[in-house]
Amino acid sequence: MLKKGMSTGIFMLLLLLYTVLQWRYLALDFWNDELYTLRYFACASFAAVLTDYHVPNNHILFNALNRLYLLLIGETDFLTLLQSPEKLRGLMFVYAGLTLWGTWKLGARFFSLLTGLLAVAISATTLPYLNFALQIRGYGLSALWLLGLLYSTLSFYEKRSRGAAFGIIGTAGALMYTLPSNLYF
């Protein structure tokens, strides 16, 4: 039987493995879609991020968070950012890590410790997650919000708490504001 302490240790090893596998992508040059997103949204004014939807590259909440992050680290110039993609990819890595952590917590709480670990192992090693989790696109943040929505929904189903209800409302709103196609879910 898997104990909680052992589960935590295995999760940390899986996260370390994921970090090693992703390390090569941190400094990877930006892709065309990422460049467009950065130039016209993440490096633009907050007014542009919040109101300009001339193309679907504006994942609004995602770009607003990117803009805030870039302001906090003092990196506001598009051309300078091109020289060090790892500055923004690091934030994507945080989203990916939080998503894996949440996957582990969800699986362990609602199913079993082994289920949580298997879900992380499977998620972290799928080709789409390995190849695209660090891209400057709204999908990684959407995965995090989706996980939060699922966790809140299961929590509400288990115990009709006000906190879980607010979790459902908050994550559903964030999910839709991050990427409108999240309405499909």
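Scroll up a little and you will see the structure.
Residues numbered from 1 in each chain as written. Predicted model: local features only at pLDDT ≥ 70, side-chain atom pairs only at ≥ 80, totals over all residues. Heavy atoms only, no water.

**Examining the overall build of the protein chain**
- Looking only at helices and strands, the protein chain features 10 helices and zero strands.
- In sequence order, the protein chain lays out its α and β elements as α-α-α-α-α-α-α-α-α-α.
- The C-alpha radius of gyration of the protein chain comes to 17 Å, within 12% of the 16 Å expected for a compact globule of 185 residues.
- If you line up the protein chain on its principal axes, its C-alpha atoms span 55 × 35 × 25 Å.
- Residues counted as buried form 42% of the 185 residues belonging to the protein chain.
- Once local pairs closer than 6 in sequence are excluded, the contacts in the protein chain between residues at least 24 apart make up 69%.
- Total accessible area computed for the protein chain in this model is approximately 10,200 Å², and 71% of it derives from carbon and sulfur atoms.
- Each charge class in the protein chain was averaged separately, 13 positive and 8 negative side chains, and the resulting centres sit 17 Å apart. (Helix = DSSP H or I, 4+ residues; strand = E, 2+ residues; numbered from the N terminus. Rg over C-alpha atoms; globule rule 2.2 N^0.38 Å. Buried < 20%, exposed > 50% of the residue type's maximum accessible area, 1.4 Å probe, protein only. Contact = heavy atoms within 4.5 Å. Areas by Shrake-Rupley, 256 points an atom, 1.4 Å probe, with all protein chains shown as cover. Lys, Arg positive; Asp, Glu negative; His and termini not counted. Charge placed at Lys NZ, Arg CZ, Asp CG, Glu CD.)

**Let's talk about the nonpolar core**
- Among the nonpolar cores identified, the biggest contains 18 residues, and Leu 38, Leu 81, Leu 88, Met 92, Tyr 95 and Ile 136 are the most heavily contacted of them.
- Contributions of two or more residues to this core are made by helix 2 (32-42), helix 4 (60-72), helix 5 (78-82), helix 6 (86-110) and helix 9 (139-158).
- It is helix 6 that provides the largest number of residues to this core, a total of four residues.
- For Leu 81, the contacting residues outside a window of four places in its chain are Phe 30, Leu 38, Cys 43, Leu 70, Glu 75, Lys 87 and Leu 88. (Core = buried A, V, L, I, M, F, W, Y, C linked by side-chain atoms within 4.5 Å.)

**Side note on the pattern of salt bridges**
- Here the structure, examined in full by the defined rule, presents three salt bridges.
- A salt bridge links Glu 34 to Arg 89; the shortest N-O distance between them is 2.7 Å. Here Arg 89 lies in helix 6 and Glu 34 lies in helix 2, a separation of 55 residues in the sequence. Of the two residues, Glu 34 and Arg 89, neither departs from the other in class, the shared state being buried.
- Salt-bridge contacts for Glu 75 lead to Lys 87; the nearest nitrogen and oxygen are separated by 2.7 Å. (Salt bridge = Lys/Arg side-chain N within 4 Å of Asp/Glu carboxyl O.)

**What about a nonpolar patch on the surface?**
- Where nonpolar side chains cluster on the molecular surface, the patch consists of Phe 46, Leu 50, Leu 68, Leu 71, Leu 72, Ile 73 and Tyr 177 and spans about 640 Å² of accessible area.
- Elements represented by at least two residues in the nonpolar patch include exactly helix 3 (46-51) and helix 4.
- Counting residues per element, the nonpolar patch draws most heavily on helix 4, at three residues. (Patch = residues over 30% accessible without salt bridge, like charges linked within 9 Å, V, L, I, M, F, W, Y side chains within 5 Å.)

**Brief notes about the packing of aromatic side chains**
- On inspection of all chains with the given rule, the structure shows seven aromatic pairs.
- Geometrically, the ring pair formed by Phe 11 and Trp 104 is stacked, given 4.5 Å between the ring centres and 5° between the ring planes. You can see Phe 11 sitting in helix 1 (residues 4-22) and its partner Trp 104 sitting in helix 6, a full 93 residues away along the chain. Trp 104 shares its class with Phe 11; the two are buried.
- For the pair Tyr 18 and Phe 93, a centre-to-centre distance of 6.1 Å together with 15° between the ring planes defines the contact as stacked. Residue Tyr 18 is found in helix 1, and its partner Phe 93 is found in helix 6; the two are separated by 75 residues along the sequence.
- The class for Tyr 18 is buried, based on a relative accessible area of 1%.
- Among the aromatic residues, ring-to-ring pairing joins Tyr 18, Phe 93 and Tyr 129 into one connected group.
- Between Arg 39 and the ring centre of Tyr 40, over which it is positioned, the NZ or CZ distance is 5.4 Å. (Phe/Tyr/Trp six-rings, centres within 6.5 Å; stacked < 30°, edge-to-face > 60°. Lys NZ or Arg CZ within 6 Å of the ring centre and 35° of its normal.)

Note that all results are geometric; they support no functional claim without further evidence.
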